[in-house]
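# Secondary and tertiary structure notes
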Amino acid sequence: MGIIYIIFAIYSIYIIMTAQKFSQKLLFGILFILIFSIALYAEYLRHLYQHAIQTIAYDVMPQKGKKEYDDLLKKDIFKAYNSSKVIYDTDSIKYLV
């Protein structure tokens, strides 16, 4: 994913630099910052999710994993990980028994 983000950033900077009008440069710059920041935030949330799953599955610490997942849900402003909470709870219950 890092390579895709780098290609996107280089292409966006190229588009911004070659734009003729200042208003076009401003518009493309704002769009680049908005899209890039949302993508990086989504990657950050994905990293937190994977770490919480790893804490439960590999480290076998269900309480710590549940706390990490609850912290993830607090940071998830798009509510993208709410639907996987049922799966997460089911996965953590098998380690509690």
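Structure: above.
Now for a description of the structure that goes with this document. Fair warning: this is a prediction, and the values are worked out from it, not measured in the lab.

The geometry of helix H2 (residues 22–57) relative to helix H3 (residues 62–75) is characterised by a closest axis approach of 7 Å and an angle of 165° between their N-to-C directions. Compared by their axis directions, H2 and H3 come out roughly antiparallel. In this structure, the crossing between H2 and H3 has a hand that is left-handed. Across the interface between the two elements, Tyr41, Tyr44, Leu45, Leu48, Tyr49, His51, Ala52, Thr55 and Ile56 from H2 touch Pro62, Lys64, Gly65, Glu68, Tyr69, Leu72 and Lys75 from H3. Residue composition of the contact of H2 with H3, grouped by class: ten nonpolar, three polar and three charged.

Under the criterion given, the structure shown has eight aromatic pairs. Aromatic pair Tyr5 and Phe36: ring centres 6.1 Å apart, planes at 85°, arrangement edge-to-face. Of the two residues, Tyr5 sits in helix H1 (residues 2–18) while Phe36 sits in helix H2, which places them 31 residues apart along the sequence. Per residue, the accessibility class of Tyr5 equals that of Phe36, and both read buried.

This part takes up the pattern of salt bridges. Tallied over the entire structure, the rule returns three salt bridges. Between Glu43 and Arg46 there is a salt bridge whose closest N-O contact spans 2.6 Å. Remark: Arg46 and Glu43 occur in helix H2; sequence separation between them is three residues, near one turn of the helix. Residue class for Arg46 comes out partly exposed when judged on its relative accessible area of 34%. Linking Lys67 and Asp71 is a salt bridge whose minimum nitrogen-to-oxygen distance equals 3.3 Å. Taken as a pair, Lys67 and Asp71 lie in helix H3 at a separation of four residues, close to a single helical turn. Taking the relative accessible area as the measure of exposure, Lys67 reaches 53% and is therefore exposed. With a relative accessible area of 27%, Asp71 lands in the partly exposed category.

Criteria and cut-off values
Residues numbered from 1 in each chain as written. Predicted model: local features only at pLDDT ≥ 70, side-chain atom pairs only at ≥ 80, totals over all residues. Heavy atoms only, no water. Axes fitted to C-alpha atoms, helices over the stretch in contact; angles between N-to-C directions. Helix = DSSP H or I, 4+ residues; strand = E, 2+ residues; numbered from the N terminus. Parallel < 35°, antiparallel > 145°, perpendicular 65-115°, else oblique. Left-handed = near helix turned anticlockwise from the far one by under 90°. Contact = heavy atoms within 4.5 Å. Nonpolar A, V, L, I, M, F, W, Y, C, P; charged D, E, K, R; others polar. Phe/Tyr/Trp six-rings, centres within 6.5 Å; stacked < 30°, edge-to-face > 60°. Buried < 20%, exposed > 50% of the residue type's maximum accessible area, 1.4 Å probe, protein only. Salt bridge = Lys/Arg side-chain N within 4 Å of Asp/Glu carboxyl O.

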